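Breakdown of the fold
Chain by chain, the residues:
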Amino acid sequence: MTVTRRGVLQAATVVSAATAFGGLPAVTARAAAAAPAADALTRLPVGSITAHGWLAEQLKIQLAGLCGRYAETSHFLVMDTCGWVHPELGGWEELPYWLRGFVPLAIATRDADALATCERWIDAILATQEADGFFGPRALRTSLNGGPDFWPFLPLLMALRTYQEYTHDERIVPFLTRFLTFMEAQDKGAFDSSWVSVRWGDGIDTARWLYERTGDAFLDSLVDKMHRYGADWTGDLPTPHNVNIAQGFREPAQYAQWADGDTDALVRATYRTYEQVLRDYGQFPGGGIAGDENVRPGFGDPRQGFETCGIVEFMASHELLTRLTGDPVWADRCEDLAFNMLPAALDPQGRAIHYVTSANSVDLDNSRKTEGQFQNGFAMQSYLPGVDQYRCCPHNYGMGWPYFTEELWLATPDGGLAAALYAPSEVKTRIGNATVTVREETDYPFDETVTLTVSVDKPVAFPLRLRVPGWCDKPRLAVNGRTVKAGSGPVFAEVRRTWKDGDKVTLRLPQRTTLRTWSGNHDSVSVDHGPLTYSLKIAEKYVRTGGSGTFPEYDVHAASAWNYGLVPGSSPELRRRPGPLPANPFTLDGTPLTLAARARRLPEWIADDEHVVAPLQPSPARSRAGVETVTLVPMGAARLRITSFPTAAPDGHPWTPEPPYRRIENKHSGKVLAVDSMSTADDARVVQFDNSGTGDHAWQLLDAGSGRLRIRNGQSGKFLAVEGSSTADSARVVQFEDNGRPDLLWTRVEQGDGWFLLRNEHSGKVLGVDGMSTNNSAQVVQFADNGTEDHLWRLPS
Ligand SMILES: [Zn+2]
C-alpha cells in the first residue's frame, strides 16, 4: 500500500488524538504527487469566528482608532496618489501592510463601511494587472537587481486571499495565478537578495493557499525557487533584523510540506532557530526579543525593545506553526505575545502606536537616544500616528487581533474542531450535514474558566479538542457536568461524542502565581499568573505633545518610583476586583487582576540622562531600604513597566550606578571618537567623525583599577583596543570584546586645561589621528607621545 505523507499525518492525528500533539508530528516521506503535505490543523474560512467580550472590544477600538481611520492621515493610503492603484506612481509596503490588517478587521467587525472600503481598494488594485501577470507600481518591475522586487507584494497577496475567502470574489484566484506565474518565470536575482530573500515563508504560504484551490503544478517549482534561492533559515541566523527573524524563521517548516527526504530536519530547524533566538535575545518575559531594530550580541537586557511589526509577525508565525505542526506550544507562544506585549504597543485608546515595546521601560518620549541604548537611532517610544517616523509598524500592526480572532478555532483533519487560542467568541461551521455553533464564554486570560455551549441543528459526532496551555498542569474538563480526563499542558485534550443541542463543556485552567528566574539576565525574576505576566504598576503621566483629536501624540512619564527589587523567596499575592470584566481590561484602570508583592527600593538603579532605564545588575542586589508592598499589574495593561525585576536583599551584591556615556572630542579636528559604519564587530575600525548623535559616538569610561580605564562603546558594547595588540606607531585602534587583553586598558593623562592624553597600557603610546587628518572617518591610531594636537582629547559637556 502506498502511504502518502498526507495520509500518514491524518492517521497519526487520529491515533494520537486522545493524548497529545506535543512534540513534532511523525512525518516521513512525501507523496510522489506534487501536493504539499497537509497541516495538522486547518484554518476555518475567514468569517467563521465572531469575537465577543474583550476581544470584540479590541477590534472595535482598532476600527475606531489608528488602523480603521489611518487613511485619514497616512499619505501612503490615499487612493488618488497610491502606486498600487496608479502604477505610474511609486508604492512600497505601506498600503499592503495596512490592507492585510484592515481586510480581516473589516470582516471580523462586519463593518459595512470598512468592507466597502476594502472592495474599493481591491477593485482598483485588481484593475492594474498587466498581460504578464504583474500588477501595482510599475517601478517595482525593475527595482531589485534590474528585475522585480517581490517583497511588498507578499503582504498584499495575503490581503487578497482573506478578501476572497470572505467574499468568494471570482477574480482573485485567477489574478493570483497570473501573478505567481509571473513570479515563477523570474530568475535567481528576484529571489536571493534584499528583504524578500529572508521573508519567503510568506510566499510559500500564498503558493500553498493557491495550490489548495487550483492544484497547479507550477506552484511546486515556484516554492522550490523560493526555498533554493531564498535565505537559508536552517543554520545560523541569516539576518539580525527582528522582523525578518519573526517572519522568516518558520520557512524551513513550511518548505518541509513540499519537500522530499528528511523533512523532519527542516521542521526541527524552525524549532531550533526559535529556541536559539529566544535564548540569546529573549531572556525576559512577554514572548519577544531584544530587536530594536537588529539584535546585537551583548544587548539582551529587558530594556531592549521588540518592534511592533515583530510582535504581530511573530504572532502570525506562531499561529501558522500551531496549524502546521499541531503542537500547542506555538499557541502558548502566540498568547504570550497577544496578551502581554501587543496591547502595550498601543496607547489605551488605540489611536496611537509606538515602535518598540520593552519588558522594562520607565519613560516613553519622542527623543532620539544617542548612547547606543537601542540599536536603531531614531526616536521610537512615544505614542504617535507615526506615518513617516514609524512608517512600517502603524501600517502593519492591524493584523494582530483580527488574525488572532481567525485562529481561535481550527478544524481537525478528522472532521472536528480545536480550540487553539482562548477568548470570548463564537464559531460557526458545518460538520457532516449539520450546522454547528460553539459559543465560548470566558474572561480568559483574566479568568481561568472557559465555558462552551454547543448548538447543533441535528445530533452530530465529531471530536472537540481543547488546548491545555503549558503553564497548566491540572486542567479540569467536564461535559454536561461529567468529568473528562485531560492531561497536563502543553497538550490538546479531546472529547469525542455525538453532540446534541445545548451540550455544555467546561474547561477550567487553574492559574497559579509562579516566578521565573532569568539566569541569562543576572538572575532577574519575573512574575506570572497563568498566561499573564505581571509588571510593576507605575503611575503614568500622559503628556499630549501634538497631533489631532483623532490622532493624538503622547509622551508617557513615570509619576511614581520604579526602581524596586523583589524580596527573594516571597510570593506575590493575587487580588481580584469583583464584578464583570471591563470592556478593555488592558489598562491600569481596567484590569481586574493585580498582585501584591514585597519589594525594596534600589536607589542606585536609575535611568540614564536620556530617560532610559539602566541595565540590570546581578541579583540579589544590595538594598538596605525597608520592605514595601508594591502593586503588579498585567504587562499588557502597563504602558510603563518593570517586568524583569532584580531581587533585593540587605546582604546582596552592591549595585554600581551606571557610569554616563560621553563623547570624546579631538582637539585638532574637533571631531569625536566613533566606530566606522557603526559596526558592532570585533576589530571594527575606530575613527573620528562629526558629532552627529549616533550611538557609536558614545563611550563609557569604566574604572579598571590603579588609575586605568576601559573605554566601552555604546553601540557595540565593545572596548577601545589596538589591532593585534600591536606596540607599533600608527597601529590601528579598533574595538574588541572584553577578553582581558592589556591593550584594552588606557590611562587618562590630564593636561590641566580639560584636555587629556589617552595612553595605552600595553604599548605606552597615546591615542591620535592618522596623519593628523581632520577628515570624517580618518583612522584613529596609537603613536609615540610627541606633543601634537591630535593627541589631545576631552569630554565635551
Ligand atoms: Zn515596524
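Residues numbered from 1 in each chain as written. Predicted model: local features only at pLDDT ≥ 70, side-chain atom pairs only at ≥ 80, totals over all residues.

So, the overall build of the protein
Applicable threshold: Labels follow the DSSP assignment, with helices taken as runs of H or I lasting at least four residues and strands as runs of E lasting at least two, numbered in each case from the N terminus. Neighbour counting defines burial: a residue surrounded by 20 or more other C-beta atoms within 10 Å of its own C-beta is buried, one with 12 or fewer is exposed, and intermediate counts give partly exposed, using backbone-placed C-beta atoms.
The secondary structure content of the protein amounts to 17 helices and 41 strands. Along the three orthogonal principal directions, the C-alpha set of the protein runs to about 95 × 65 × 60 Å. Of all 797 residues assigned to the protein, the portion counted as buried reaches 55%.

Focus on the nonpolar core
Test applied: A set of buried Ala, Val, Leu, Ile, Met, Phe, Trp, Tyr and Cys residues, joined to one another through C-beta atoms within 7 Å, is what we call a nonpolar core. Domain boundaries shown here were taken from an automatic or database domain assignment.
In this structure, Ile311, Met315, Ile353, Trp409 and Ala420 are the most contacted members of the largest nonpolar core, which totals 196 residues. Among the elements that take part in this core, helix α4 (residues 94–109) stands out by supplying 10 residues, more than any other. Structurally, this core is a two-domain feature, drawing no fewer than three residues from each of domain 1 (409–508) and domain 2 (520–649). Residues Val672, Val686, Phe719 and Trp793 belong to the second largest nonpolar core, which totals 35 residues.

Quick word on the UniProt feature "domain: Ricin B lectin" (unreviewed entry) in the protein
Defined as follows: UniProt positions are given in the numbering used here, feature names are shortened, and annotations may be inferred rather than shown by experiment.
Per the UniProt record, the feature "domain: Ricin B lectin" (unreviewed entry) sits at residues 659–796. Secondary structure across residues 659–796 comprises 0% helix and 37% strand; the distance between its end C-alpha atoms is 16 Å.

A closer look at the sheet that holds strand β6 (residues 363–364)
Formally: Any two strands with at least two DSSP-identified bridges between them are counted as paired.
One open sheet holds the 3 strands; their spatial order is β6-β21-β20, and the pairing between them is antiparallel. Of all the strands in the sheet, just β6 and β20 (540–547) have a single pairing partner and so form its edges.

With respect to the sheet that holds strand β9 (residues 425–431)
What holds strands together in a sheet is hydrogen bonding between their backbones, with the strands either parallel or antiparallel. Applied cut-off: Where helices are involved, their axes are fitted lines through C-alpha atoms of the stretch in contact, as for all axes, and angles between N-to-C directions lie from 0 to 180°.
Judged by pairing direction, the sheet is antiparallel, and its 7 strands sit side by side in the order β2-β9-β10-β11-β16-β13-β14 without closing on themselves. The sheet terminates laterally at β2 (49–51) and β14 (482–484), the two strands that pair on one side only. Averaged over all adjacent pairs, the angle separating strand axes in this sheet is 20°, with direction ignored. Relative to β9, β2 runs antiparallel, the two being bridged by 3 bridges. Across the sheet, residue threonine 50 finds its bridge partner in β9, namely glutamate 426.

What about unusual backbone geometry?
Across the junction of tyrosine 444 and proline 445, the peptide omega takes the value 10°, indicating a cis bond. By the element assignment, proline 445 lies in the loop between β10 (434–442) and β11 (449–456). Here the amide bond leading from glycine 489 into proline 490 is cis, since omega sits at 0°, within 30 degrees of zero. Summarising the element assignment, proline 490 is placed in the loop between β14 and β15 (491–499). Although it is not a glycine, asparagine 145 adopts a positive phi angle of roughly 55°. Checked against the element boundaries, asparagine 145 lands in the loop between α5 (112–126) and α6 (153–167). In this structure, methionine 678 takes a positive phi of about 55° despite not being glycine. If you trace the backbone, methionine 678 turns up in the loop between β31 (672–675) and β32 (686–689).

Overview of the environment of threonine 206
Looking at the secondary structure, you find threonine 206 in helix α9 (residues 200–214). Under the C-beta neighbour-count criterion, threonine 206 is labelled buried, with 24 such atoms within 10 Å. Taking C-alpha positions, threonine 206 is 8.0 Å from arginine 161, a pair spaced 45 residues apart along the chain.

Side note on the pairing of strand β12 (residues 460–468)
Of all 9 residues in β12, 7 are buried, a share of seventy percent or more. Bridge count between strand β8 (residues 417–419) and β12: 3 bridges; the pairing is parallel. In the sheet register, alanine 418 faces β12, and the bridge partner there is arginine 465. Relative to β15, β12 is paired through 9 bridges, and the arrangement is antiparallel. When the bridges of β15 are listed, valine 468 appears paired with valine 491.

Let's talk about the confidence of the model for the protein
The predicted structure's coordinates, where accompanied by low pLDDT, should not be read in detail. Stated precisely, the cut-off is as follows: For every residue, the predictor assigns a confidence score, pLDDT, that lies between 0 and 100. Here the contact rule is simple: place C-beta atoms from the backbone, and any two residues whose C-beta atoms are within 7 Å are in contact.
Summing up the model confidence of the protein, the mean pLDDT is 95 and the portion of residues at 70 or higher is 96%. Contacts of residues 1–33 to residues separated by more than four positions or lying in other chains number 62 contacts, the stretch itself having pLDDT below 50.

With respect to the packing of α9 against helix α10 (residues 218–229)
Spelled out, the test is: Every angle not falling under 35 degrees, over 145, or within 65 to 115 is termed oblique; those three ranges are roughly parallel, roughly antiparallel and roughly perpendicular. By the convention adopted, Pro, Cys, Tyr, Trp, Phe, Met, Ile, Leu, Val and Ala count as nonpolar, Lys, Arg, Asp and Glu as charged, and the other residues, Gly among them, as polar.
At their nearest, the axes of α9 and α10 sit 10 Å apart, and the two run at 170° to each other. Comparing the axis directions of α9 and α10 gives the class roughly antiparallel. Facing α9, whose interface residues are Trp200, Gly203, Ile204, Ala207, Leu210 and Tyr211, α10 presents Leu219, Leu222, Val223, Met226 and His227. Broken down by class, the residue content of the contact of α9 with α10 amounts to 9 nonpolar, 2 polar and no charged.

Considerations on the domain arrangement of the protein
What the domain assignment reports for the protein is domain 1 (409–508), domain 2 (520–649) and domain 3 (661–794). If you average the C-alpha positions of domain 1 and of domain 3, the two centres end up 64 Å apart.

Some thoughts on helix α15 (residues 328–340)
We count it as follows: To estimate how far a helix should extend, the number of its residues minus one is multiplied by 1.5 Å.
For α15, with 13 residues, the first-to-last C-alpha span of 18 Å sits near the 18 Å given by 1.5 Å per residue. A large share of α15 lies buried, amounting to 13 of its 13 residues.

Regarding helix α13 (residues 263–281)
For α13, which comprises 19 residues, the first-to-last C-alpha distance of 27 Å matches the rise-based estimate of 27 Å (1.5 Å per residue) to within 8%. For α13, the set of buried residues is Thr263, Leu266, Val267, Ala269, Thr270, Tyr271, Thr273, Tyr274, Val277 and Tyr281. Buried residues in α13 make contact with α11 (242–248), α12 (251–256) and α14 (308–325).

Here's the deal with the environment of valine 491
Of note, valine 491 is situated in strand β15. For valine 491, a count of 23 C-beta atoms within 10 Å corresponds to the buried category. Separated by 165 residues in sequence, valine 491 and glycine 326 place their C-alpha atoms 9.6 Å apart.

Regarding the pairing of strand β16 (residues 504–508)
What you see with β16 is a clean split: Val505 and Leu507 sit on the buried side and Lys504, Thr506 and Arg508 on the side with no burial. Alignment of β11 against β16, held across 5 bridges, turns out to be antiparallel. What sits directly across from valine 450, in β16, is leucine 507. Across 4 bridges, strand β13 (residues 476–479) lies against β16 in antiparallel orientation. Bridge pairing in β16 places alanine 478 opposite threonine 506.

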